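Understanding the architecture of this molecule
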Amino acid sequence: FSLVPKSFAFICRSTAKGWDIYDAERDYKRIGMLDCERLKILRQENNYEICPTYPKLIMVPSNISSAEISSSCTFRSRSRIPAAVWMHPGNGAILARCAQPLVGLRNTRSREDEKLVSGLMLKLDNADNTNSNGCGENENSDSNSNGSEKDDSEGNSSSESVSDAGEVGVSQFVSDVWSTLNSWNNGSVNNRANAIQNASNSSGELGEQSNLARKSSSSDDNLESSLKKRNRINDYFYIVDARSQIVSLGNRAMGKGTENPANYTGARLLFMSVDNIHSVRSSFDRLAEICQPSFDGEFERALADSCWLYHIRSVLVACVKIVNHLDEDGKSVLTHCSDGWDRTAQMVAMAQLLLDPWYRTRAGFAVLIEKEWCSFGHKFRDRYGHGIDNFSNQEFSPVFTLWIDCVWQVTRQFPSAFEFNEQFLTTLVDSVYCGRFGTFMCNSEMERDEYGVRDFTDSVWPMLIEGEQYRNITYKKIPCTLYPSCHSKTIKLWESFYFRYDPTMS
């Protein structure tokens, strides 16, 4: 770890650093989370006293106190408490991430953690106060119903606020990027407003009950109270555990495990059976062997035995499941694996890529990676060995490479939906391994601050965002959710990446 300041990224520097491409508060504002009354910003100080592997800025429930957050930290592995990372613009459903709870064999529970999860996941009482902007439905649902003229005015106001935020203390490069975001948002604001309006118009039985309760409140308080209780019972959310149920039960023997749905109001628990870093490392090693020019065996069978395509499919299946619950069911999702920095990053990042069209632009994709992988503590140093003199193979695992492969699979199915092309993804993976840039140095935001990565190294994003060779010339703005096929027949080997130096494949 002491070799970090001597790494190649600290030696090879240029003038265009590009570190200001990501600003957490700016991205949460774009999503609409800063306007949500049931969410608030929790700021960690320079010593990262709440969670050393989390970013300085975390979105938590507004009704939770500092003492309750501290108590919840002791109940979560590595103190990685549930934190909201994305909100659906139409139905207010929240996507959140965390680490596994420390349940153990005694089925330990934490009232503070249960309150924190409920505050993030459940839209309690919002059906009885739809204009309060409590994120049960966006406050624009009512205002947008007046017509498209008001949609345009509100969209322009939103764009101006994003632009103002992006011009404070950032380079010309970042200003240009966020100017692109402004124009992109101006073109899709009506679609966003229409989606919100459609969600408002199709609110269903619970919405009808809440309207009835409001109308009869003056004459029948008992009916209103009973309907509130019924709304609480009918409101539910999903806890998506990336592991299998057997693995989760095994972790209970080590004092960890998964949530007991009986302790979390409205919780429905799902297991996705996504394999851990050790399985991914073993699979990648076998894939590397058969991709060598010297390999002349039964390639198709060896590829199947490597299980690399199986791992890709399992990640995509889990992500599509999360997307379906958020987008189609309108239900919030809390996801985690063990420590919440490998498989969790894969799931929440891919889910947002499928849900949010902005993340399919080059600048948006950079923001997504900075947010879900870099700031939330994916262990790039341990997984790829940068700045380590006694690198242990037990910690190595190309989890991020696997995720980029998953992204490539989706771009194959939706070739015009992404502003970046295949060369963009290939160069991005290469930049992780080569150590030329500081973007993928260290294990956390705290470590990057400690070693001055932002001050003494360059970011990879200016090269990838400004380079014309990385732009998809067939790109079209598709302001809707993507649902890729996860059938095994559609999952292919990324030959142009794994065989690019193989003379026998030219």
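Everything below is about the structure printed above this text.
Presented here is an overview of the structure given in this document. In this text, all values refer to a predicted model and were calculated from it rather than measured experimentally.

Here is what the cut-offs are and how they apply
Each chain carries its own residue numbering, running from 1 in the direction its sequence is written. Totals for whole chains, interfaces and linings use all residues, but because this is a predicted model, local features are given only for residues with pLDDT of at least 70 and pairs of side-chain atoms are given and counted only at 80 or more. Computation of side-chain values covers all heavy atoms of the structure but excludes hydrogens and water. A run of H or I in DSSP becomes a helix once it reaches four residues, and a run of E becomes a strand once it reaches two; helices and strands are each numbered from the N terminus. Three labels apply to residues, based on accessible area from a 1.4 Å probe with only protein chains included: buried if under 20% of the type maximum, exposed if over 50%, partly exposed otherwise in between. Contacts: residue pairs with any heavy atoms within 4.5 Å of one another. What sets the accessible areas is the Shrake-Rupley method with a 1.4 Å probe; for residues, cover comes only from the shown protein chains. Whenever a helix is involved, its axis is fitted only over the stretch in contact; in every case the axis is a line through C-alpha atoms, and angles between N-to-C directions fall within 0 to 180 degrees. Here the word oblique covers every angle except those under 35 degrees (roughly parallel), over 145 (roughly antiparallel) and from 65 to 115 (roughly perpendicular). Side-chain atoms within 4.5 Å link the members of a nonpolar core, which is a set of buried Ala, Val, Leu, Ile, Met, Phe, Trp, Tyr and Cys residues. The rule for a salt bridge is simple: a side-chain nitrogen of Lys or Arg has to be within 4 Å of a carboxyl oxygen of Asp or Glu.

Regarding the overall build of the chain
Helix and strand content of the chain: 22 helices and seven strands. Out of the 506 residues in the chain, the part that is buried amounts to 57%. Partitioning the intrachain contacts of the chain with sequence separation of at least 6 by distance along the chain shows that 77% fall at a separation of at least 24. Roughly 21100 Å² of accessible area belongs to the chain as shown, and the carbon and sulfur atoms make up 48% of that amount.

Quick look at the packing of helix α13 (residues 308–327) against helix α17 (residues 399–413)
At a closest axis distance of 10 Å, the pairing of α13 and α17 adopts a crossing angle of 75 degrees. The orientation of α13 with respect to α17, classified from their angle, is roughly perpendicular. In contact with W308, H311, I312, V315 and L316 of α13, α17 contributes L402, D405, C406, Q409 and V410.

Thoughts on the environment of T474
Counting through the fold element by element, T474 comes out in the loop between α21 (461–466) and α22 (495–498). Along the backbone, T474 and S416 are 58 residues apart, and their C-alpha atoms lie at a distance of 5.3 Å. Ignoring any residue separated from it by four or fewer positions in sequence, one finds T474 in contact with P415 and S416.

Details of the nonpolar core
Core analysis: the largest hydrophobic core is formed by 123 residues, its most contacted members being F365, F400, W403, L428 and W461. At ten residues, α13 tops the list of elements feeding residues into this core. Not counting chain neighbours up to four residues away, the residues in contact with W403 comprise Q346, A349, M350, F365, L368, I369 and W373. W19, C442, Y451 and V453 belong to the second largest nonpolar core, which has five residues in total.

Describing the pattern of salt bridges
Tallied over the entire structure, the rule returns 24 salt bridges. Across the pair R97 and E372 runs a salt bridge, and its minimum N-O distance is 2.7 Å. Here R97, found in strand β4 (residues 94–97), pairs with E372, found in helix α15 (residues 362–375); they are 275 residues apart in sequence, far enough to count as distant. For R97, a relative accessible area of 0% corresponds to the buried category. Looking at E372, the relative accessible area reads 0%, which means it is buried. A salt bridge links E298 to R301; the shortest N-O distance between them is 3.7 Å. Across the pair, R301 and E298 agree in class, each one exposed. The structure contains a network of salt bridges with shared partners spanning D342, K379, R381, D382, R383, E395 and E447.

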